[in-house]
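Analysis of the macromolecular model
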Amino acid sequence: MKTISKRLWTTLIVVGLVGQFAWTIENMYFNVFLYNTISTDPRYISAMVGWSAAAATLTTLLMGVLSDRVGKRKVFICGGYILWGLSTAAFGFVTVENVQKLFPAAAGAAAAAVMVVILDCVMTFFGSTANDAAFNAYVTDTVENENRGKAESVLAILPLVSMLVVFGLFDGMTQRGEWRKFFAIFGGLVTLTGIVSLLLVQEQKLTPKKDSYFKNLIYGLRPDVVKSHPQLYLSFAAFCVFSIAVQVFFPFLIIYMQNYLHFDNYAIVLGVVLIVASLLSVLSGKTIDRIGKLKCLLPSAGIMLWGLVGMFMVRKFATVILAGCIMMGGYMLVTAILNGMIRDFTPKDKVGHFQGIRMIFGVLLPMIIGPAIGAAVIRGSDSTYVELGVVKTVPTPAIFLAAAVVLLLTVPFVLLLRKQSGKYTYRFDSPVGKMEFISNIELTEQEQGRIQTAIDEKAATIGIIGGEDGPTAIFVTKQEQDLEEQKHE
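What you are looking at is a predicted structure, and each value in this text was computed from that prediction instead of being measured.

Our next topic: the overall build of the chain. Helix and strand content of the chain: 19 helices and 6 strands. In the chain, which comprises 489 residues, the share counted as buried stands at 54%. Intrachain contacts of the chain at a sequence separation of at least 6 include 80% that bridge at least 24 residues. For the chain, the accessible area works out to roughly 22,100 Å², and carbon and sulfur atoms hold 64% of it.

Spelled out as structure tokens, the structure:
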């Protein structure tokens, strides 16, 4: 079995982690920066999250297909990271005073807020080009099937490692208002990573796509494709509703702890919660593989629901940590399960393209709908305070209750997925092209790797996984299935 080289491990960890630093800044601190320095109107935060989500999705669709077409990943990764870092550092120069100098006739706070939203979209374009489209495709290109579980388990914890580093070492800068230094540090780090990647990233030999760019762009949006992949799109739908529930409260989380709970040391809360959630995610991986993703989905969502209700009820430092651990632990489990299911059901010859479709369900729709729900809940609560004569709106615990209600809407999609259970489709490479196998059980990545090895060695068209009590699964090629159906017609 081919192992992951040290150079590739270094590339995955360095490029992946620094990218997550930038996304942590974008997802967790741009809204705090906007709220604390420019405007407390939650509609600006909602608009920023929604427009950046649209930019991320459209960019991933366009640039992902483009990178497939030209057969190159490295130029998009390196160039994207360099420009991603520069656009991140630029946020430090956006102030009400600076904007008023540029646009004297405009209302300073409103113009500055709009500028933040626009700059966020620019930053997101470079980030999605480099990370969502090119780097994710590069991971798929370079990591073999039998090593994918190992690589994914490392990549999955990078967002949490990023949050721990940012919150633990740099959050004090934001609390002291040192925003320009804060953005300069991480912007410079991202740009430096882009330069280093010129030497670190090893370009793969990919065959440029010759078919229609537009045809590939809309492939996953065609009704016949949706109909032929019911499990994939039901998983997308469940992921979409779950992500909407998360976005109801997540953009307002730090603001809530700062201004409603009045936690000066909220970084400790986030640090403890993220460490516990990370450990739970890592330790539960083998259990999920053993029991099955679909069977674990509703219990995991139930854990998150319990945590959301707890966050709605508690106010004390220790109880907020406890409820937060339950909420984020459930969140990590559901995220891992749904991501795994989407990966299982994605056509292997369209992996790059479906990254963009996944962004529609996992980013675009949730980050437009979720923050809008959260903002409506906040504005309807009439929870405000006055600072220097200015009335400021404060997030309330109701955002967690609203998120819990949305989370319940995932249940119908999970039940529909259960009706589809027993019809797992797996696709493998063979000497005669792509082979599609139908299984009556869900397979682990190791089992899939063994089947791929058997096909590579024997060009097998039928595979049986045996056991002490007899065969547990039988796989039949799509071609043979079609022939069998023709016999009965």
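Anyway, onward from the coordinates.
Take helix α5 (residues 108–142) next. End to end, α5 covers 49 Å across 35 residues, agreeing with the expected 51 Å (1.5 Å per residue, within 8%). The sharpest bend along α5 reaches about 40 degrees and sits at S128. In terms of burial, α5 is a largely internal element, 25 of the 35 residues being buried.

In this section: a nonpolar patch on the surface. A cluster of nonpolar side chains, namely V114, I118 and V122, defines an oily patch on the protein surface of about 240 Å² accessible area. Residue placement: I118 occurs in helix α5.

At their nearest, the axes of helix α10 (residues 230–249) and helix α17 (residues 411–420) sit 9 Å apart, and the two run at 160 degrees to each other. Compared by their axis directions, α10 and α17 come out roughly antiparallel. Regarding α10 and α17, the two cross each other, and that crossing is left-handed. Note on element contacts: α17 touches α10 through F413, L416, L417 and Q420, opposite P230, Q231, L234, S235, A237, A238 and V241.

A word on unusual backbone geometry. A positive phi angle, close to 60 degrees, is found at H262, a residue other than glycine. Mapped onto the elements, H262 comes out in the loop between α11 (253–259) and α12 (266–291). Under the relative-accessibility criterion, H262 is labelled exposed at 57%.

Attention now moves to the pattern of salt bridges. Evaluation of the coordinates by the stated rule reveals 3 salt bridges. Here E178 and K181 are joined by a salt bridge, their closest N and O atoms 4.0 Å apart. On the accessibility criterion, E178 (25% relative accessible area) is partly exposed. R222 is the salt-bridge partner of D224, the closest N and O atoms lying 2.8 Å from each other.

The subject of this paragraph is the side chain of Q20. Mapped onto the secondary structure, Q20 falls in helix α1 (residues 6–37). Look past the residues within four positions of Q20 in its chain and what remains in contact with it is L158, P159 and S162.

Here we take up the side chain of T88. Looking at where T88 falls in the secondary structure, it is placed in helix α3 (residues 74–89). Among the polar contacts made by the side chain of T88, one reaches the main-chain carbonyl oxygen of W84 at a distance of 2.9 Å. Contacts of T88, omitting those with residues within four sequence positions, involve M123, F183 and G187.

For the rest of this paragraph, the subject is the packing of α3 against helix α7 (residues 179–200). One way to put it is that α3 packs onto α7 with a least axis distance of 7 Å and a crossing angle of 165 degrees. Between α3 and α7, the crossing angle belongs to the class labelled roughly antiparallel. At the point where α3 passes α7, the crossing takes the left-handed sense. Along its contact with α3, which presents K74, C78, Y81, I82, W84, G85, L86, T88 and A89, the element α7 presents F183, A184, G187, V190, T191, T193, G194, I195, S197 and L198.

Residues I38, W84, F182, F249, L308 and F400 are the most contacted members of the largest nonpolar core, which totals 138 residues. Of all the elements, α1 adds the most residues to this core, at 16 residues. In this structure L308 touches F249, M327, F400, A403, A404 and L407, once residues within four positions along its chain are discounted.

What follows is about α1. Helix length check: α1, at 32 residues, gives a terminal C-alpha distance of 44 Å against a target of 46 Å (1.5 Å per residue), a fit within 8%. Burial analysis of α1 places 23 of its 32 residues in the buried class, the great majority of the element.

Take the environment of V196 next. With respect to the element layout, V196 can be found in helix α7. Owing to a relative accessible area of 40%, V196 belongs among the partly exposed residues under this scheme. Separated by 114 residues in sequence, V196 and I82 place their C-alpha atoms 9.9 Å apart.

This part covers the confidence of the model for the chain. Overall, the prediction assigns the chain a mean pLDDT of 81, with 80% of residues at 70 or greater. No element of the chain has a lower mean pLDDT than strand β5 (residues 462–465), at 45, and none a higher one than helix α16 (residues 398–408), at 96. For residues 459–478, every residue scores under 50 in pLDDT, and the model assigns this stretch 50 contacts once sequence neighbours within four places are set aside.

Here we take up the environment of I195. Mapped onto the elements of the fold, I195 is located in helix α7. The partly exposed category is assigned to I195, whose relative accessible area is 45%. Spatially, the C-alpha atom of I195 lies 6.7 Å from that of I82, the residues being 113 residues apart in sequence.

What follows concerns the packing of aromatic side chains. All told, the structure shown has 26 aromatic pairs when counted by the stated rule. Ring geometry for F30 against F183: centres 5.7 Å apart, planes inclined by 65 degrees, an arrangement best described as edge-to-face. Here the residue F30 occupies a position in helix α1, and F183 occupies one in helix α7, the gap between them amounting to 153 residues. The same class applies to F30 and to F183, which are both buried. With a centroid separation of 5.9 Å and 90 degrees between ring planes, the pair formed by W179 and F182 is classed as edge-to-face. Of this pair, W179 and F182 both sit in helix α7, 3 residues apart, which is roughly one turn of the helix. Judged by its relative accessible area of 6%, W179 is buried.

Parameters and conventions
- Residues numbered from 1 in each chain as written.
- Predicted model: local features only at pLDDT ≥ 70, side-chain atom pairs only at ≥ 80, totals over all residues.
- Heavy atoms only, no water.
- Helix = DSSP H or I, 4+ residues; strand = E, 2+ residues; numbered from the N terminus.
- Buried < 20%, exposed > 50% of the residue type's maximum accessible area, 1.4 Å probe, protein only.
- Contact = heavy atoms within 4.5 Å.
- Areas by Shrake-Rupley, 256 points an atom, 1.4 Å probe, with all protein chains shown as cover.
- Expected span 1.5 Å × (residues − 1).
- Bend = angle between axes of the 7 residues up to and from the residue.
- Patch = residues over 30% accessible without salt bridge, like charges linked within 9 Å, V, L, I, M, F, W, Y side chains within 5 Å.
- Salt bridge = Lys/Arg side-chain N within 4 Å of Asp/Glu carboxyl O.
- Axes fitted to C-alpha atoms, helices over the stretch in contact; angles between N-to-C directions.
- Parallel < 35°, antiparallel > 145°, perpendicular 65-115°, else oblique.
- Left-handed = near helix turned anticlockwise from the far one by under 90°.
- Polar contact = N/O pair within 3.5 Å; in protein donor to acceptor, adjacent residues only side chain to side chain.
- Core = buried A, V, L, I, M, F, W, Y, C linked by side-chain atoms within 4.5 Å.
- pLDDT = per-residue confidence, 0-100.
- Phe/Tyr/Trp six-rings, centres within 6.5 Å; stacked < 30°, edge-to-face > 60°.

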